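Descriptive structure summary
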Amino acid sequence: MQLRLIAVGKLREPYVAAACADFRKRLTPYYPYEEVEVRAADGSDADAATREESERIRKLLRPDDRLWLLDRTGIQLASAALSARLETIGNSGVNRLTFAIAGTYGADKSLRQRAEFLWSLSELTFLHEWARMIVLEQLYRAAKIARNEPYHH
């Protein structure tokens, strides 16, 4: 199964970009991985930005993509539970699982409805760029857990 991440905006902080690059490198022996950035909307109108960015994400989805949307109102998963879910999806014959990180104002209703799962990383608020780094780290950790390989606890 291929893992794909679609994220609104570019990584600007060098330390976050470096951490993401490191986790991408660690993840790819376990899963084929692709990452796509979409441009953030211009302007300060939150509703317009949400619609525009969500449309950019939707245009990159194939009809058969399984979509997990990162959302603060979603379900939190322990690392072992994430690993088990990924294994179940992979064993069911799914070709590609896509994770989407919407922009600063979140995703619109139609993108939320398109998602099969709303995933919350935490009740805490993180810098937007950190979400990508945390997702990558957790995908790598999940792969290690699934193979009973050591990873710090």
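The preceding data block contains the structure.
A quick note: this is a predicted structure, and the numbers were derived from the prediction, not measured.

1. Here we look at the nonpolar core
Formed by 33 residues in total, the largest nonpolar core has its most connected members in Leu3, Trp68, Leu86, Phe99 and Trp119. Broken down by secondary-structure element, the contributors of at least two residues to this core are β1 (2–8), α1 (14–27), β3 (66–76), α3 (79–91), β4 (96–101), β5 (117–120) and α5 (128–146). Considering every element that reaches this core, the biggest residue donor is α5, with eight residues. Excluding anything up to four places from it in sequence, Leu3 contacts Leu27, Tyr31, Pro32, Tyr33, Glu34, Leu97, Phe99 and Leu139. One finds Leu69, Ala100, Ala102 and Ala107 within the second-largest nonpolar core, a separate group that totals 13 residues.

2. Some points on the pattern of salt bridges
Applying the stated criterion across every chain yields a total of 20 salt bridges. Among the salt bridges present, the one from Arg141 reaches Glu137, with a minimum N-O distance of 2.9 Å. Pair noted here: Arg141 and Glu137 are both in helix α5, with a separation of four residues, about one helical turn. Given a relative accessible area of 13%, Glu137 falls into the buried group. Residues joined by salt bridges that share partners form a network here, namely Arg4, Glu34, Arg62, Asp64, Asp65 and Arg96.

3. Quick notes on the sheet that holds β3
The strand order across the open sheet formed by five strands is β2-β1-β4-β3-β5, and the pairing between neighbours is parallel. Every interior strand has two partners, whereas the edge strands, β2 (33–38) and β5, have only one. Neighbour to neighbour, the strand axes of the sheet diverge by 30° on average, direction disregarded. Pairing between β1 and β2: six bridges, direction parallel. Its bridge partner lying in β2, Arg4 is registered against Glu34. Relative to β1, helix α2 (residues 46–58) is tilted by about 155°, and along the sheet it contacts β1, β2 and β4.

4. Things to note about α2
Relative to the 18 Å expected for 13 residues at 1.5 Å per residue, α2 spans 18 Å between its end C-alpha atoms, a close match to the ideal helical length. Among all positions of α2, only Ala49, Thr50, Glu53, Ser54, Arg56 and Ile57 are buried. For α2, the angular spread of buried residues about the axis comes to 155°, placing them on one side. On its buried side, α2 packs onto β1, β2, β4 and α4 (109–114).

Cut-offs applied
Residues numbered from 1 in each chain as written. Predicted model: local features only at pLDDT ≥ 70, side-chain atom pairs only at ≥ 80, totals over all residues. Heavy atoms only, no water. Core = buried A, V, L, I, M, F, W, Y, C linked by side-chain atoms within 4.5 Å. Buried < 20%, exposed > 50% of the residue type's maximum accessible area, 1.4 Å probe, protein only. Helix = DSSP H or I, 4+ residues; strand = E, 2+ residues; numbered from the N terminus. Contact = heavy atoms within 4.5 Å. Salt bridge = Lys/Arg side-chain N within 4 Å of Asp/Glu carboxyl O. Pairing = 2+ DSSP bridges. Axes fitted to C-alpha atoms, helices over the stretch in contact; angles between N-to-C directions. Expected span 1.5 Å × (residues − 1). Arc of directions from axis to C-beta.

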